[in-house]
Amino acid sequence: MTKVTGTTARDWGSHPPYIHPDYKSTPLRGPTRPLLPLKATLSELTGPVYGHESVGKLDADLTKNGARNGEPLGERIVVTGRVLDERGRPVPNTLVEVWQANAAGRYRHADDPRDDVPVDGTFTGFGRSGTDGDGRFWFETVKPGPVPGRGNAPQAPHINVAVFARGMLTHAYTRIYFADEEEANAIDPVLNTVDEARRGTLIGDARPVHGRTVYRFDIRLQGDGETVFFDV
């Protein structure tokens, strides 16, 4: 069989052939003609299916998707990575959504009523990116400022992430922290609830590219090195 949408070819290294002489009933019941793989329709797939056609041209560029009277304030950054399964294989047609505070550390939402922190009217803080055939997503945004948590405990700059994928009937939620915010990360109340050995799955590595900082953050859905997900 060949690889088709929604499934993969049979692994003949671990499965017996359809007609196996030692299994007496297979010559009677096994297929005698080549199998014809059928492409699954949307109604036959489990969970949502997302591709780039479901994402607008500016959805992944948070520096432009909310601009009305100019460009947002703050340091321009790029966040990119891949969504991977338990074997490290890319997961295409996944939707990655992000939600973040602006450069001053304020969310553009009624639940953040702080008058002492400015609202940036050109920045919504929301974006979405579909993964390509290599499982890759990307966002262009501004680096968020620190925000208060419960009891006004300071939280390190971070981006909230929701992952929607085929076969996942419940969205997966995680966060992206920044490797170059070591001091803030060390006292972040959320990071400190995570086992130290797994905190690295929430931190994006930083590298300069053409005058901007690019953060690499892979999302591993299962298996060794699984990204920490939160029950929200």
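Everything discussed here concerns the structure shown above.
1. Topic: the nonpolar core
- In this structure, Val83, Val96, Phe139, Val161, Ile219 and Leu221 are the most contacted members of the largest nonpolar core, which totals 24 residues.
- Elements with a contribution of two residues or more to this core: strand E1 (76–84), strand E2 (95–99), strand E4 (136–142), strand E7 (158–164) and strand E8 (172–178).
- When sequence neighbours within four positions are dropped, the list of residues in contact with valine 161 reads Val96, Glu97, Val98, Ala172, Tyr173, Thr174, Ile176 and Ile219.

2. Brief notes about the pattern of salt bridges
- Counting across every chain of the model gives eleven salt bridges.
- Here arginine 82 ties to aspartate 134 by a salt bridge, and the two come within 3.1 Å at their closest N and O atoms. Here the residue arginine 82 occupies a position in strand E1, and aspartate 134 occupies one in the loop between strand E3 (126–130) and E4, the gap between them amounting to 52 residues.
- Among the residues examined, arginine 82 registers a relative accessible area of 17% and is labelled buried.

3. Observations regarding the packing of aromatic side chains
- On inspection of all chains with the given rule, the structure shows three aromatic pairs.
- Ring centres of phenylalanine 137 and phenylalanine 139 lie 6.1 Å apart, and the angle between their planes is 55°; on these two criteria the pair is classed as tilted.
- Given the relative accessible area of 1%, phenylalanine 137 is considered buried.
- It is lysine 143 that lies over the ring of phenylalanine 178; its NZ or CZ is 5.3 Å from the centre.

4. Considering the environment of isoleucine 176
- With respect to the element layout, isoleucine 176 can be found in strand E8.
- When the C-alpha positions of isoleucine 176 and leucine 202 are compared, they lie 5.4 Å apart, and in sequence the two are 26 residues distant.
- Contact partners of isoleucine 176, with chain neighbours within four places excluded, come to Val79, Pro157, His158, Ile159, Val161, Leu202 and Phe217.

5. Section: the environment of threonine 26
- Counting through the fold element by element, threonine 26 comes out in helix H1 (residues 26–29).
- The exposure class assigned to threonine 26 is buried, which follows from its relative accessible area of 9%.
- Not counting the four nearest positions on each side in its chain, threonine 26 is found in contact with Tyr18, Ile19 and His20.
- At 2.8 Å, the side chain of threonine 26 and the backbone oxygen of histidine 20 are in polar contact.

6. What about the pairing of strand E10 (residues 212–216)?
- Looking at chain direction, E1 and E10 are connected through four bridges and run parallel. By the bridge assignment for E10, threonine 80 is matched with arginine 216.
- Examined bridge by bridge, strand E9 (residues 203–209) and E10 share five bridges and lie antiparallel to one another. Directly across from aspartate 205, in E10, lies its bridge partner arginine 216.

The rules behind these values
Residues numbered from 1 in each chain as written. Predicted model: local features only at pLDDT ≥ 70, side-chain atom pairs only at ≥ 80, totals over all residues. Heavy atoms only, no water. Core = buried A, V, L, I, M, F, W, Y, C linked by side-chain atoms within 4.5 Å. Buried < 20%, exposed > 50% of the residue type's maximum accessible area, 1.4 Å probe, protein only. Helix = DSSP H or I, 4+ residues; strand = E, 2+ residues; numbered from the N terminus. Contact = heavy atoms within 4.5 Å. Salt bridge = Lys/Arg side-chain N within 4 Å of Asp/Glu carboxyl O. Phe/Tyr/Trp six-rings, centres within 6.5 Å; stacked < 30°, edge-to-face > 60°. Lys NZ or Arg CZ within 6 Å of the ring centre and 35° of its normal. Polar contact = N/O pair within 3.5 Å; in protein donor to acceptor, adjacent residues only side chain to side chain. Pairing = 2+ DSSP bridges.

The analysis is restricted to geometry; functional conclusions fall outside its scope.
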